[in-house]
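# Coordinates in review
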Amino acid sequence: WHFIGHLQSNKVRYIAPFIHLIHGVDSYSLLKEINKQGIRNNRTIDCLLQVYIAREETKFGLDGQELDTLIDRITHIPQMVEQDGALHNFRVKGIMGMASFTNNKDLIRSEFRYLKSRFDRYTQTSTQNLQFCTLSMGMSGDYTIALEEGSNMVRIGSLVFGEREQTP
């Protein structure tokens, strides 16, 4: 099972026993809660960091500076054990992002290109908690552009299941 969407810290305990991959981690405090629930369930929980690449305020994620800071924090976990306790029950497998909801293919391509550049920056960094191998970008409307720009995971729910019905 993959958890896709914005995850609140107080909901992690419900998915921790069985989740395979959490998409959309956007804070260190959420990683700490995922780690806590990983310990409680005697497992390591894989995650993707969500990067804000769209030109829309309705999307979540880390900006470039926040991403750098969080990754720096993760790579220095051994030195932080005294401060935060053992942080060995989560693993960041990569990053994900959602492009702007627009027909402007050039804008979408530039957003995906930016995310790919961030991914490439960290693929050489590997620690127990940081093992970049997944670049998740592209949904039903823009997955072809995402694949052209280097995505190795797409989310194509509406192509498989159909469009959602709008509730009145």
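Residues numbered from 1 in each chain as written. Predicted model: local features only at pLDDT ≥ 70, side-chain atom pairs only at ≥ 80, totals over all residues. Heavy atoms only, no water.

## What about the overall build of the protein?
From N to C terminus, the protein includes seven helices and six strands. Listing every helix and strand of the protein by position from the N terminus yields β-α-β-α-β-α-α-β-α-β-α-β-α. Residues counted as buried form 44% of the 168 residues belonging to the protein. For the protein, the proportion of contacts with a sequence separation of at least 24, taken over those separated by at least 6, is 61%. Summing over all exposed atoms, the protein offers an accessible surface of approximately 9,500 Å²; the carbon and sulfur share of this is 50%. (Helix = DSSP H or I, 4+ residues; strand = E, 2+ residues; numbered from the N terminus. Buried < 20%, exposed > 50% of the residue type's maximum accessible area, 1.4 Å probe, protein only. Contact = heavy atoms within 4.5 Å. Areas by Shrake-Rupley, 256 points an atom, 1.4 Å probe, with all protein chains shown as cover.)

## Focus: a nonpolar patch on the surface
Taken together, the side chains of Ile156, Leu159, Val160 and Phe161 present a nonpolar region at the surface, about 440 Å² in accessible area. The residue Leu159 is located in helix α7 (residues 157–161) in this model. Leu159 sits in the exposed class, given a relative accessible area of 52%. (Patch = residues over 30% accessible without salt bridge, like charges linked within 9 Å, V, L, I, M, F, W, Y side chains within 5 Å. Salt bridge = Lys/Arg side-chain N within 4 Å of Asp/Glu carboxyl O.)

## Structural notes on the sheet that holds strand β2 (residues 21–25)
Backbone-to-backbone hydrogen bonds join strands into a sheet, with any given pair of strands oriented parallel or antiparallel. With respect to topology, six strands assemble into an open sheet ordered β1-β2-β3-β4-β5-β6, the strand pairing being parallel. Either end of the sheet is taken by a strand with one partner, and the two such strands are β1 (2–3) and β6 (153–155). Running at roughly 150° to strand β5 (residues 130–139), helix α3 (residues 64–75) makes contact with β3 (45–50), β4 (90–97) and β5 of the sheet. Lying on the sheet, helix α5 (residues 105–122) is in contact with β4 and β5; it crosses β5 at an angle near 170°. (Pairing = 2+ DSSP bridges. Axes fitted to C-alpha atoms, helices over the stretch in contact; angles between N-to-C directions.)

## A closer look at the nonpolar core
Counting 37 residues, the largest nonpolar core has Leu31, Ile34, Leu49 and Ile95 as its most contacted members. Here this core takes five residues from α5, the largest share from any one element. (Core = buried A, V, L, I, M, F, W, Y, C linked by side-chain atoms within 4.5 Å.)

## Some thoughts on the pattern of salt bridges
Evaluated as defined, the whole model comprises seven salt bridges. A salt bridge links Glu149 to Arg109; its shortest N-O distance comes to 2.7 Å. With a gap of 40 residues between them, Glu149 in the loop between α6 (143–148) and β6 and Arg109 in helix α5 connect regions that are remote in the sequence. Two residues, Arg113 and Glu149, come together in a salt bridge whose shortest N-O distance is 3.0 Å.

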